[in-house]
Amino acid sequence: MRVRLAPSPTGKLHIGTARTALFNWLFACQKGGKFLIRIEDTDKERSKTEFTENILEGLHWLGLNWDEEPVIQSKRIEDHRKAIRSLLDRGLAYRCYATEAELELMRENQKKHGMAPRYDNRHRDLTAKQQLTFKEEGRTSVVRFRINDETTVNWNDLVRGPMRWEGVDLGGDMVISRRAPAEEIGDPLYNLVVVLDDSNMEITHVIRGEDHIANTAKQILLYKALDLPIPKFAHTPLILNPEGKKLSKRDGVTSISEFKDMGYISEAMANYMTLLGWSVPSGMEERFTLQEAGKVFNLDRVNKAGAKFDWDKLNWLNSQVIHHLPSETLLQRLEPLWINQGWSTANKEWCIDLIKLIGPSMTLLNDGVDQAKPFFNTPLLEEDGRKQLELDGSIKAIESLLNQLEKTPWDGKQSDSAKEILTITSKSADIKKGLLMKSLRVALLGRMNGPDLITSWGLLARIGQDRLRLRRCL
Ligand code: GLU
(Lines give C-alpha, C1' and ligand atoms only; values in the text may rest on other atoms or scores of the structure.)
Protein backbone atom coordinates (compact mmCIF):
# COMPACT_ATOMS: atom_id res chain seq x y z
CA MET A 1 0.00 0.00 0.00
CA ARG A 2 1.60 3.26 -1.13
CA VAL A 3 0.01 6.71 -1.03
CA ARG A 4 1.40 10.10 -1.86
CA LEU A 5 1.00 13.82 -1.55
CA ALA A 6 1.80 15.68 -4.77
CA PRO A 7 2.00 19.37 -3.91
CA SER A 8 2.86 22.04 -6.45
CA PRO A 9 5.44 24.40 -4.93
CA THR A 10 3.64 27.51 -6.14
CA GLY A 11 2.66 28.74 -2.69
CA LYS A 12 3.04 27.98 1.00
CA LEU A 13 1.59 24.76 2.41
CA HIS A 14 -2.16 25.39 2.23
CA ILE A 15 -4.50 23.96 4.83
CA GLY A 16 -6.34 22.00 2.12
CA THR A 17 -3.13 20.35 0.93
CA ALA A 18 -2.10 19.71 4.53
CA ARG A 19 -5.44 18.04 5.23
CA THR A 20 -4.99 15.85 2.12
CA ALA A 21 -1.53 14.98 3.39
CA LEU A 22 -2.99 14.12 6.77
CA PHE A 23 -5.63 11.75 5.38
CA ASN A 24 -2.97 10.05 3.24
CA TRP A 25 -0.67 9.76 6.23
CA LEU A 26 -3.41 8.38 8.51
CA PHE A 27 -4.49 5.90 5.85
CA ALA A 28 -0.90 4.70 5.39
CA CYS A 29 -0.46 4.54 9.15
CA GLN A 30 -3.60 2.45 9.64
CA LYS A 31 -2.73 0.08 6.80
CA GLY A 32 0.98 -0.12 7.51
CA GLY A 33 1.73 1.39 4.11
CA LYS A 34 4.12 4.04 2.85
CA PHE A 35 3.45 7.76 2.58
CA LEU A 36 5.43 9.43 -0.21
CA ILE A 37 5.94 12.97 -1.47
CA ARG A 38 6.21 14.18 -5.02
CA ILE A 39 6.99 17.82 -5.69
CA GLU A 40 5.09 18.81 -8.84
CA ASP A 41 7.35 21.59 -10.02
CA THR A 42 6.67 21.54 -13.73
CA ASP A 43 5.19 25.05 -13.75
CA LYS A 44 8.61 26.67 -14.02
CA GLU A 45 7.44 30.23 -13.62
CA ARG A 46 5.40 29.76 -10.47
CA SER A 47 7.42 27.01 -8.73
CA LYS A 48 9.89 28.23 -6.11
CA THR A 49 12.35 26.39 -3.87
CA GLU A 50 11.23 28.47 -0.90
CA PHE A 51 7.72 27.05 -1.31
CA THR A 52 9.07 23.48 -1.49
CA GLU A 53 10.90 24.20 1.76
CA ASN A 54 7.81 25.73 3.34
CA ILE A 55 5.72 22.70 2.33
CA LEU A 56 8.18 20.12 3.63
CA GLU A 57 8.74 22.08 6.84
CA GLY A 58 5.00 22.39 7.39
CA LEU A 59 4.44 18.65 6.90
CA HIS A 60 7.29 17.86 9.24
CA TRP A 61 5.96 20.32 11.84
CA LEU A 62 2.56 18.62 11.70
CA GLY A 63 4.22 15.28 12.34
CA LEU A 64 3.46 13.97 8.85
CA ASN A 65 6.80 12.42 8.13
CA TRP A 66 7.25 10.67 4.83
CA ASP A 67 8.98 7.56 3.59
CA GLU A 68 11.66 7.65 0.87
CA GLU A 69 13.21 10.74 -0.74
CA PRO A 70 10.66 13.14 -2.22
CA VAL A 71 10.37 12.70 -5.98
CA ILE A 72 10.98 15.85 -8.01
CA GLN A 73 8.64 15.77 -10.96
CA SER A 74 10.70 17.97 -13.28
CA LYS A 75 13.54 15.44 -13.16
CA ARG A 76 11.34 12.89 -14.87
CA ILE A 77 10.58 14.96 -17.93
CA GLU A 78 12.34 12.58 -20.35
CA ASP A 79 10.06 9.74 -19.27
CA HIS A 80 7.07 12.01 -19.73
CA ARG A 81 8.17 12.94 -23.26
CA LYS A 82 8.81 9.32 -24.10
CA ALA A 83 5.26 8.42 -23.13
CA ILE A 84 3.88 11.21 -25.29
CA ARG A 85 5.89 9.96 -28.25
CA SER A 86 4.57 6.48 -27.73
CA LEU A 87 0.97 7.76 -27.62
CA LEU A 88 1.63 9.68 -30.84
CA ASP A 89 3.21 6.66 -32.50
CA ARG A 90 0.25 4.50 -31.55
CA GLY A 91 -2.26 7.01 -32.88
CA LEU A 92 -3.76 7.54 -29.42
CA ALA A 93 -2.61 11.15 -29.43
CA TYR A 94 -2.10 13.65 -32.21
CA ARG A 95 -0.77 17.12 -32.89
CA CYS A 96 -3.29 19.93 -32.90
CA TYR A 97 -2.20 23.02 -34.82
CA ALA A 98 -5.20 25.21 -33.95
CA THR A 99 -4.07 28.70 -32.99
CA GLU A 100 -5.18 30.48 -29.83
CA ALA A 101 -7.27 32.83 -31.95
CA GLU A 102 -9.04 29.92 -33.67
CA LEU A 103 -9.76 28.25 -30.37
CA GLU A 104 -11.07 31.48 -28.93
CA LEU A 105 -13.43 31.86 -31.88
CA MET A 106 -14.58 28.26 -31.42
CA ARG A 107 -15.40 28.92 -27.74
CA GLU A 108 -17.25 32.13 -28.56
CA ASN A 109 -19.41 30.29 -31.09
CA GLN A 110 -20.17 27.56 -28.58
CA LYS A 111 -21.17 30.20 -26.05
CA LYS A 112 -23.41 31.92 -28.57
CA HIS A 113 -25.24 28.63 -29.13
CA GLY A 114 -25.58 27.95 -25.42
CA MET A 115 -23.12 25.03 -25.54
CA ALA A 116 -20.61 24.13 -22.85
CA PRO A 117 -17.08 25.07 -23.95
CA ARG A 118 -15.12 22.12 -25.30
CA TYR A 119 -12.49 21.40 -27.90
CA ASP A 120 -14.33 20.22 -31.01
CA ASN A 121 -11.64 17.70 -31.97
CA ARG A 122 -11.09 19.60 -35.22
CA HIS A 123 -7.53 18.39 -35.81
CA ARG A 124 -8.14 14.81 -34.76
CA ASP A 125 -7.96 13.33 -38.25
CA LEU A 126 -5.79 15.69 -40.28
CA THR A 127 -4.37 14.28 -43.47
CA ALA A 128 -0.62 14.26 -43.97
CA LYS A 129 -1.08 17.07 -46.46
CA GLN A 130 -3.02 19.24 -44.03
CA GLN A 131 -0.37 18.69 -41.41
CA LEU A 132 2.34 19.68 -43.80
CA THR A 133 0.51 22.87 -44.74
CA PHE A 134 0.20 23.85 -41.06
CA LYS A 135 3.88 23.16 -40.51
CA GLU A 136 4.84 25.18 -43.53
CA GLU A 137 2.76 28.04 -42.20
CA GLY A 138 5.08 27.86 -39.20
CA ARG A 139 2.29 26.93 -36.80
CA THR A 140 3.11 25.56 -33.38
CA SER A 141 1.25 22.57 -31.97
CA VAL A 142 0.08 20.97 -28.77
CA VAL A 143 -0.34 17.23 -28.38
CA ARG A 144 -3.86 16.02 -27.64
CA PHE A 145 -4.95 12.68 -26.27
CA ARG A 146 -8.06 11.22 -27.90
CA ILE A 147 -11.13 10.98 -25.70
CA ASN A 148 -14.03 9.23 -27.37
CA ASP A 149 -17.32 10.90 -26.63
CA GLU A 150 -18.99 7.48 -26.41
CA THR A 151 -16.67 6.21 -23.72
CA THR A 152 -17.76 5.94 -20.09
CA VAL A 153 -15.36 6.00 -17.15
CA ASN A 154 -16.32 4.16 -13.97
CA TRP A 155 -14.54 3.76 -10.69
CA ASN A 156 -15.46 2.89 -7.18
CA ASP A 157 -14.43 5.90 -5.13
CA LEU A 158 -13.37 4.96 -1.62
CA VAL A 159 -15.13 8.02 -0.21
CA ARG A 160 -17.92 8.69 -2.68
CA GLY A 161 -18.86 5.20 -3.85
CA PRO A 162 -19.54 4.27 -7.50
CA MET A 163 -18.58 7.09 -9.88
CA ARG A 164 -19.46 7.37 -13.53
CA TRP A 165 -18.23 9.95 -16.00
CA GLU A 166 -19.25 10.24 -19.63
CA GLY A 167 -16.49 10.84 -22.19
CA VAL A 168 -18.57 13.53 -23.83
CA ASP A 169 -18.37 15.58 -20.64
CA LEU A 170 -14.57 15.63 -20.53
CA GLY A 171 -14.10 18.66 -22.77
CA GLY A 172 -12.96 16.95 -25.95
CA ASP A 173 -9.49 15.62 -26.76
CA MET A 174 -7.18 16.59 -23.93
CA VAL A 175 -3.98 18.61 -24.25
CA ILE A 176 -1.08 16.60 -22.80
CA SER A 177 1.81 18.82 -23.82
CA ARG A 178 2.19 22.56 -24.10
CA ARG A 179 2.49 24.43 -27.38
CA ALA A 180 5.85 23.98 -29.13
CA PRO A 181 7.36 24.32 -32.62
CA ALA A 182 5.98 21.70 -34.99
CA GLU A 183 8.54 18.89 -34.61
CA GLU A 184 9.02 19.30 -30.87
CA ILE A 185 7.12 18.11 -27.86
CA GLY A 186 6.35 20.92 -25.45
CA ASP A 187 6.25 20.61 -21.69
CA PRO A 188 4.13 17.63 -20.64
CA LEU A 189 1.00 18.58 -18.69
CA TYR A 190 -0.56 17.66 -15.38
CA ASN A 191 -2.92 14.77 -16.14
CA LEU A 192 -0.34 12.86 -18.12
CA VAL A 193 2.59 13.39 -15.78
CA VAL A 194 0.53 12.50 -12.71
CA VAL A 195 -0.41 9.18 -14.25
CA LEU A 196 3.17 8.42 -15.24
CA ASP A 197 4.61 9.47 -11.90
CA ASP A 198 1.99 7.75 -9.76
CA SER A 199 2.59 4.63 -11.74
CA ASN A 200 6.37 5.00 -11.49
CA MET A 201 6.10 5.46 -7.72
CA GLU A 202 3.81 2.41 -7.56
CA ILE A 203 1.06 4.37 -5.88
CA THR A 204 -1.80 2.07 -4.95
CA HIS A 205 -4.28 4.63 -3.59
CA VAL A 206 -4.70 8.20 -4.80
CA ILE A 207 -6.33 10.24 -2.03
CA ARG A 208 -6.90 13.88 -2.98
CA GLY A 209 -9.43 16.72 -2.96
CA GLU A 210 -12.74 16.40 -4.75
CA ASP A 211 -11.72 19.23 -7.10
CA HIS A 212 -9.75 16.52 -8.93
CA ILE A 213 -12.72 14.27 -9.76
CA ALA A 214 -12.85 15.27 -13.44
CA ASN A 215 -9.08 14.78 -13.63
CA THR A 216 -9.50 11.26 -12.28
CA ALA A 217 -11.82 10.39 -15.14
CA LYS A 218 -9.24 11.66 -17.65
CA GLN A 219 -6.40 9.96 -15.84
CA ILE A 220 -8.16 6.59 -15.87
CA LEU A 221 -8.38 6.87 -19.67
CA LEU A 222 -4.65 7.58 -19.78
CA TYR A 223 -3.84 4.60 -17.51
CA LYS A 224 -5.74 2.41 -19.94
CA ALA A 225 -4.07 3.89 -23.02
CA LEU A 226 -0.63 3.49 -21.45
CA ASP A 227 -1.48 0.00 -20.26
CA LEU A 228 -0.67 0.79 -16.63
CA PRO A 229 -2.38 -0.63 -13.53
CA ILE A 230 -5.06 1.77 -12.26
CA PRO A 231 -4.78 2.75 -8.58
CA LYS A 232 -7.78 3.12 -6.28
CA PHE A 233 -9.15 6.62 -5.86
CA ALA A 234 -10.61 8.52 -2.92
CA HIS A 235 -11.82 12.12 -3.19
CA THR A 236 -11.96 14.04 0.04
CA PRO A 237 -14.36 16.93 0.71
CA LEU A 238 -13.18 20.49 0.32
CA ILE A 239 -12.61 22.80 3.25
CA LEU A 240 -15.19 25.57 3.14
CA ASN A 241 -15.34 29.02 4.65
CA PRO A 242 -18.18 29.87 7.07
CA GLU A 243 -20.30 30.96 4.05
CA GLY A 244 -19.94 27.51 2.50
CA LYS A 245 -17.55 28.53 -0.31
CA LYS A 246 -14.17 26.91 -0.92
CA LEU A 247 -11.72 28.32 1.61
CA SER A 248 -9.37 30.66 -0.22
CA LYS A 249 -6.71 33.25 0.41
CA ARG A 250 -9.47 35.85 0.65
CA ASP A 251 -10.63 34.18 3.85
CA GLY A 252 -7.44 35.30 5.55
CA VAL A 253 -5.09 32.78 7.06
CA THR A 254 -4.84 29.61 4.99
CA SER A 255 -1.24 28.47 5.12
CA ILE A 256 0.07 26.20 7.81
CA SER A 257 3.07 28.42 8.59
CA GLU A 258 0.68 31.30 9.29
CA PHE A 259 -1.31 29.19 11.72
CA LYS A 260 1.98 28.28 13.37
CA ASP A 261 3.02 31.91 13.62
CA MET A 262 -0.32 32.77 15.23
CA GLY A 263 0.37 30.32 18.02
CA TYR A 264 -1.56 27.22 17.00
CA ILE A 265 0.34 24.16 18.03
CA SER A 266 1.05 21.29 15.69
CA GLU A 267 -0.88 18.63 17.63
CA ALA A 268 -3.99 20.80 17.70
CA MET A 269 -3.73 21.68 14.02
CA ALA A 270 -3.35 18.02 13.03
CA ASN A 271 -6.19 17.07 15.36
CA TYR A 272 -8.47 19.81 14.04
CA MET A 273 -7.72 19.10 10.39
CA THR A 274 -8.53 15.42 10.92
CA LEU A 275 -11.94 16.47 12.19
CA LEU A 276 -12.43 18.55 9.04
CA GLY A 277 -14.11 15.85 7.03
CA TRP A 278 -13.61 12.75 9.17
CA SER A 279 -16.12 11.66 11.83
CA VAL A 280 -14.57 10.06 14.88
CA PRO A 281 -15.81 6.53 15.61
CA SER A 282 -18.31 6.39 18.48
CA GLY A 283 -16.65 6.26 21.86
CA MET A 284 -13.59 8.17 20.66
CA GLU A 285 -12.95 11.65 22.04
CA GLU A 286 -12.55 14.61 19.71
CA ARG A 287 -9.13 15.34 21.14
CA PHE A 288 -6.63 12.75 19.96
CA THR A 289 -3.06 12.36 18.77
CA LEU A 290 -2.08 11.48 15.22
CA GLN A 291 -0.99 8.07 16.42
CA GLU A 292 -4.37 7.44 18.05
CA ALA A 293 -6.21 8.51 14.90
CA GLY A 294 -3.78 6.46 12.79
CA LYS A 295 -4.93 3.29 14.59
CA VAL A 296 -8.59 3.69 13.66
CA PHE A 297 -8.63 5.89 10.55
CA ASN A 298 -10.57 4.65 7.57
CA LEU A 299 -11.97 6.28 4.48
CA ASP A 300 -15.52 5.09 5.21
CA ARG A 301 -15.80 7.74 7.88
CA VAL A 302 -14.70 10.55 5.55
CA ASN A 303 -17.72 12.70 4.75
CA LYS A 304 -18.86 13.47 1.25
CA ALA A 305 -20.07 16.97 2.12
CA GLY A 306 -17.63 19.88 2.40
CA ALA A 307 -16.22 20.65 5.82
CA LYS A 308 -16.74 24.14 7.22
CA PHE A 309 -13.75 25.75 8.84
CA ASP A 310 -14.62 26.78 12.38
CA TRP A 311 -12.24 29.08 14.25
CA ASP A 312 -14.01 28.61 17.59
CA LYS A 313 -13.55 24.89 17.42
CA LEU A 314 -9.90 25.21 16.42
CA ASN A 315 -9.30 27.62 19.31
CA TRP A 316 -11.06 25.30 21.71
CA LEU A 317 -8.96 22.35 20.56
CA ASN A 318 -5.77 24.38 20.70
CA SER A 319 -6.49 25.39 24.29
CA GLN A 320 -7.42 21.81 25.20
CA VAL A 321 -4.23 20.43 23.71
CA ILE A 322 -2.14 23.10 25.44
CA HIS A 323 -3.82 22.43 28.78
CA HIS A 324 -3.06 18.74 28.50
CA LEU A 325 0.61 19.13 27.53
CA PRO A 326 3.08 18.30 30.31
CA SER A 327 4.56 21.56 31.66
CA GLU A 328 8.03 20.51 30.49
CA THR A 329 6.76 20.10 26.92
CA LEU A 330 4.91 23.40 27.00
CA LEU A 331 8.08 25.05 28.25
CA GLN A 332 10.03 23.54 25.34
CA ARG A 333 7.52 25.03 22.91
CA LEU A 334 7.55 28.44 24.59
CA GLU A 335 11.27 28.67 25.20
CA PRO A 336 12.22 29.89 21.71
CA LEU A 337 9.54 32.58 21.95
CA TRP A 338 10.72 33.66 25.38
CA ILE A 339 14.37 33.69 24.34
CA ASN A 340 13.35 35.74 21.35
CA GLN A 341 12.02 38.33 23.79
CA GLY A 342 15.42 38.36 25.49
CA TRP A 343 14.15 36.50 28.57
CA SER A 344 16.43 34.03 30.32
CA THR A 345 15.12 30.51 30.82
CA ALA A 346 18.13 29.37 32.83
CA ASN A 347 16.09 28.83 36.00
CA LYS A 348 14.13 25.80 34.76
CA GLU A 349 12.29 25.11 38.00
CA TRP A 350 11.02 28.68 38.12
CA CYS A 351 10.04 28.58 34.45
CA ILE A 352 8.08 25.36 34.97
CA ASP A 353 6.21 26.91 37.88
CA LEU A 354 5.42 29.93 35.74
CA ILE A 355 4.11 27.58 33.02
CA LYS A 356 1.94 25.83 35.60
CA LEU A 357 0.47 29.20 36.52
CA ILE A 358 -0.26 30.57 33.06
CA GLY A 359 -0.73 27.35 31.02
CA PRO A 360 -4.36 26.75 32.02
CA SER A 361 -5.47 30.14 30.68
CA MET A 362 -3.61 29.93 27.37
CA THR A 363 -5.52 29.44 24.10
CA LEU A 364 -2.66 30.17 21.70
CA LEU A 365 1.00 29.48 22.27
CA ASN A 366 1.64 33.21 21.87
CA ASP A 367 -0.57 33.87 24.91
CA GLY A 368 2.30 32.32 26.83
CA VAL A 369 4.41 35.32 25.83
CA ASP A 370 1.86 37.96 26.80
CA GLN A 371 1.03 36.24 30.05
CA ALA A 372 4.65 35.60 31.04
CA LYS A 373 5.74 39.13 30.22
CA PRO A 374 4.96 40.75 33.62
CA PHE A 375 7.08 38.06 35.29
CA PHE A 376 10.13 38.84 33.17
CA ASN A 377 9.70 42.60 32.74
CA THR A 378 8.38 45.01 35.34
CA PRO A 379 5.05 46.02 33.85
CA LEU A 380 3.91 49.60 33.48
CA LEU A 381 0.88 50.52 35.54
CA GLU A 382 -2.25 50.17 33.47
CA GLU A 383 -5.22 52.50 33.74
CA ASP A 384 -7.17 50.28 36.16
CA GLY A 385 -4.04 49.70 38.22
CA ARG A 386 -3.32 53.38 38.53
CA LYS A 387 -6.89 54.07 39.66
CA GLN A 388 -6.61 51.35 42.29
CA LEU A 389 -3.46 52.90 43.72
CA GLU A 390 -5.19 56.29 43.90
CA LEU A 391 -7.83 54.85 46.22
CA ASP A 392 -7.70 55.84 49.86
CA GLY A 393 -5.51 53.49 51.85
CA SER A 394 -3.89 51.83 48.86
CA ILE A 395 -0.44 53.32 49.38
CA LYS A 396 -0.69 52.74 53.10
CA ALA A 397 -1.44 49.09 52.34
CA ILE A 398 1.71 48.78 50.28
CA GLU A 399 3.82 50.54 52.91
CA SER A 400 2.50 48.31 55.66
CA LEU A 401 3.13 45.21 53.61
CA LEU A 402 6.69 46.31 52.93
CA ASN A 403 7.20 46.91 56.65
CA GLN A 404 5.88 43.49 57.46
CA LEU A 405 8.15 41.96 54.83
CA GLU A 406 11.13 43.65 56.47
CA LYS A 407 10.29 41.74 59.63
CA THR A 408 9.21 38.48 58.07
CA PRO A 409 10.53 38.23 54.49
CA TRP A 410 8.90 35.64 52.24
CA ASP A 411 11.04 33.40 50.05
CA GLY A 412 8.10 32.67 47.76
CA LYS A 413 7.88 28.96 48.60
CA GLN A 414 5.12 28.23 51.17
CA SER A 415 1.88 29.93 50.22
CA ASP A 416 0.65 29.63 53.83
CA SER A 417 3.43 32.00 54.92
CA ALA A 418 2.24 34.56 52.38
CA LYS A 419 -1.33 34.27 53.57
CA GLU A 420 -0.13 34.74 57.15
CA ILE A 421 1.84 37.87 56.19
CA LEU A 422 -1.29 39.30 54.61
CA THR A 423 -3.44 38.52 57.66
CA ILE A 424 -0.92 40.06 60.06
CA THR A 425 -0.53 43.19 57.91
CA SER A 426 -4.26 43.58 57.56
CA LYS A 427 -4.79 43.33 61.31
CA SER A 428 -1.84 45.39 62.54
CA ALA A 429 -2.37 48.25 60.09
CA ASP A 430 -6.16 47.97 60.13
CA ILE A 431 -6.48 47.61 56.37
CA LYS A 432 -9.17 45.53 54.71
CA LYS A 433 -7.75 42.36 53.23
CA GLY A 434 -9.45 43.03 49.89
CA LEU A 435 -7.76 46.38 49.54
CA LEU A 436 -4.45 44.92 50.59
CA MET A 437 -4.64 42.17 48.01
CA LYS A 438 -5.79 44.43 45.20
CA SER A 439 -2.97 46.88 45.91
CA LEU A 440 -0.47 44.06 46.05
CA ARG A 441 -1.68 42.71 42.71
CA VAL A 442 -1.38 46.09 41.02
CA ALA A 443 2.07 46.69 42.51
CA LEU A 444 3.30 43.30 41.31
CA LEU A 445 1.59 42.93 37.94
CA GLY A 446 0.48 46.45 37.02
CA ARG A 447 -3.20 45.60 36.61
CA MET A 448 -6.30 44.37 38.38
CA ASN A 449 -6.82 41.09 36.52
CA GLY A 450 -4.43 38.25 36.18
CA PRO A 451 -3.39 34.87 37.43
CA ASP A 452 -3.57 33.61 41.02
CA LEU A 453 -2.14 36.30 43.28
CA ILE A 454 -0.25 34.26 45.84
CA THR A 455 1.37 32.07 43.18
CA SER A 456 2.32 35.15 41.14
CA TRP A 457 3.76 36.79 44.25
CA GLY A 458 5.69 33.62 45.05
CA LEU A 459 7.27 33.56 41.59
CA LEU A 460 8.33 37.19 41.90
CA ALA A 461 9.54 36.72 45.48
CA ARG A 462 11.77 33.85 44.32
CA ILE A 463 13.60 36.18 41.95
CA GLY A 464 13.70 39.05 44.46
CA GLN A 465 11.25 41.14 42.49
CA ASP A 466 8.31 41.48 44.87
CA ARG A 467 9.69 44.10 47.21
CA LEU A 468 11.25 46.08 44.35
CA ARG A 469 7.89 46.27 42.66
CA LEU A 470 6.08 47.23 45.86
CA ARG A 471 8.61 49.97 46.50
CA ARG A 472 8.23 51.56 43.08
CA CYS A 473 4.60 52.38 43.93
CA LEU A 474 5.53 54.62 46.84
N1 GLU B 1 -0.13 19.06 -7.94
C2 GLU B 1 -1.53 18.76 -7.82
C3 GLU B 1 -2.16 19.72 -6.83
O4 GLU B 1 -1.43 20.27 -6.03
C5 GLU B 1 -1.67 17.33 -7.38
C6 GLU B 1 -3.01 16.78 -7.45
C7 GLU B 1 -2.97 15.29 -7.23
O8 GLU B 1 -2.91 14.89 -6.07
O9 GLU B 1 -2.97 14.55 -8.21
O10 GLU B 1 -3.35 19.94 -6.85
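The structure reproduced in this document is the subject of the present report. (Residues numbered from 1 in each chain as written. Predicted model: local features only at pLDDT ≥ 70, side-chain atom pairs only at ≥ 80, totals over all residues. Heavy atoms only, no water.)

Remarks on the layout of surface pockets
Threshold: In the cavity and pocket records, a cavity denotes points on a 1 Å grid over the protein atoms alone where a 1.4 Å probe fits but cannot get out, a pocket denotes an open set with protein on both sides within 12 Å along at least 5 of 7 lines, and lining residues are residues with an atom within 4 Å of a point. Grid points are joined across faces, edges and corners, and a volume is the space filled by probe spheres set on the points. Under the scheme used here, helices are H or I runs from DSSP no shorter than 4 residues and strands are E runs no shorter than 2 residues, and both carry numbers assigned from the N terminus. Under the convention adopted here, Pro, Cys and the residues Ala, Val, Leu, Ile, Met, Phe, Trp and Tyr are nonpolar, Asp, Glu, Lys and Arg are charged, and Gly plus all remaining residues are polar.
Size it by volume and the largest pocket reaches roughly 1,200 Å³. Around the largest pocket, the lining comprises 45 residues; the ones closest to its centre are P7, S8, H14, T17 and H212. Of all the secondary-structure elements, those providing two or more residues to the lining of the largest pocket are β1 (2–5), α1 (15–31), α2 (49–62), α6 (190–200) and β9 (205–209). It is α1 that contributes the most residues to the lining of the largest pocket, 4 residues altogether. Taken together, the residues that form the lining of the largest pocket break down as 16 nonpolar, 17 polar and 12 charged. Empty space within the second largest pocket amounts to approximately 310 Å³. Lining of the second largest pocket is provided by 17 residues; of these, D370, Q371, P374, L445 and R447 occupy positions nearest its centre. The class makeup of the residues in the lining of the second largest pocket is 7 nonpolar, 6 polar and 4 charged.

Here's the deal with the nonpolar core
Rule in force here: Residues belong to one nonpolar core when they are buried, are Ala, Val, Leu, Ile, Met, Phe, Trp, Tyr or Cys, and are joined through side-chain atoms within 4.5 Å. Only protein chains enter the accessibility calculation, which uses a 1.4 Å probe; a residue is then buried when its area is under 20% of its type maximum, exposed when over 50%, and partly exposed in between. Should any heavy atoms of two residues lie within 4.5 Å, those residues are counted as being in contact.
Membership of the largest hydrophobic core comes to 48 residues, with the highest contact counts inside it found for W338, L401 and W457. Those elements that place two or more of their residues in this core are α11 (311–324), α12 (327–340), α13 (348–358), α17 (394–407), α18 (415–429), α19 (433–445) and α20 (453–462). Not counting residues within four places of it along the chain, the set of residues in contact with L401 comprises I421, L422, T425, L436, L440, W457 and L470. Formed by 47 residues, the second largest nonpolar core is a distinct cluster that contains W25, I39, Y272 and L290.

A look at helix α16 (residues 383–390)
Threshold: Directions are taken from the helix axis to each C-beta atom, and the arc is the one they span.
If you check which residues of α16 are buried, you get G385, Q388 and L389. One side of α16 holds all its buried residues, which, seen down the axis, span an arc of 95 degrees.

Observations regarding the environment of I395
Considering the arrangement of structural elements, one finds I395 in helix α17. If we skip the residues at most four places from it in the chain, I395 touches L389, C473 and L474.

Some words on the pairing of strand β7 (residues 161–166)
Selection criterion: Think of it this way: DSSP has to see at least two bridges between two strands before they count as a pair.
For strand β6 (residues 152–157) and β7, the ladder comprises 6 bridges, and the chain directions are antiparallel. Pairing of N156 across the sheet is with P162, part of β7.

Quick word on the site of the ligand
Note the threshold: If even one non-hydrogen atom of a residue comes within 4 Å of a molecule or strand, that residue is called near it. Any pair of nitrogen or oxygen atoms within 3.5 Å is treated as a polar contact; in protein, a donor-acceptor pairing is required on top of that, and neighbouring residues in sequence qualify only through side-chain atoms on both sides. Note that accessible areas follow from Shrake-Rupley with a 1.4 Å probe, and for residues the cover is restricted to the protein chains shown. What decides whether a molecule sits in a cavity or pocket is whether more than half of its atoms lie within 2 Å of the grid points.
The environment of the ligand is formed by R4, A6, S8, E40, Y190, R208 and H212. In the environment of the ligand, an oxygen atom lies 2.8 Å from a nitrogen or oxygen atom belonging to the side chain of Y190. Interatomic distance of 3.1 Å between a side-chain N/O atom of H212 and an oxygen atom of the ligand. Calculation on the ligand without its partners gives an accessible area of 290 Å², and the protein chains cover 79% of this total. Applying the majority rule of atoms within 2 Å of the grid points places the ligand in the largest pocket. Its residues assigned to classes, the shell around the ligand comprises 2 nonpolar, 2 polar and 3 charged.

Digging into unusual backbone geometry
A positive phi angle, near 60 degrees, is found at D227, a position not held by glycine. Positive phi is not limited to glycine here, since D430 has a value of about 55 degrees. We classify D430 as exposed; its relative accessible area is 68%.

A look at the packing of aromatic side chains
To describe a pair of aromatic rings, one takes the distance between the centres and the angle between the planes. Defined as follows: Side-chain rings of Phe, Tyr and Trp (the six-membered ring for Trp) are treated as a pair once their centres are within 6.5 Å; stacked means planes under 30 degrees apart, edge-to-face means over 60, and tilted covers the remaining angles.
Across all of its chains, the model carries 15 aromatic pairs by this definition. Taken together, a centroid distance of 5.4 Å and an interplanar angle of 45 degrees make the contact between F23 and F297 tilted. Of this pair, F23 sits in helix α1 while F297 sits in the loop between α10 (290–296) and β12 (307–308), and the two are 274 residues apart along the sequence. Three or more aromatic residues link up through ring pairs in this structure, and these residues are F259, Y264, Y272, F309 and W311.

Quick look at the pattern of salt bridges
Applied cut-off: Here a salt bridge means any side-chain nitrogen of Lys or Arg lying within 4 Å of a carboxyl oxygen belonging to Asp or Glu.
Scanning the model with the defined rule gives 32 salt bridges in all. When the shortest N-O distance is used, the salt bridge between R179 and E100 registers 3.5 Å. Within this pair, whereas R179 is found in strand β8 (residues 174–181), its partner E100 is found in helix α4 (residues 100–112), the two being separated by 79 residues in sequence. On the basis of relative accessible area, R179 is assigned to the partly exposed category, the value being 31%. The class of E100 is partly exposed, set by a relative accessible area of 49%. Here D149 makes a salt bridge to R118, at a shortest N to O gap of 2.8 Å. Of the two residues, D149 is situated in the loop between β5 (140–145) and β6 and R118 in the loop between α4 and α5 (128–136); the sequence distance between them amounts to 31 residues. By relative accessible area, D149 is classed as partly exposed at 26%. Among the charged side chains, a network of salt bridges with common partners joins R4, R38, E40, R76, D79, D197 and D198.

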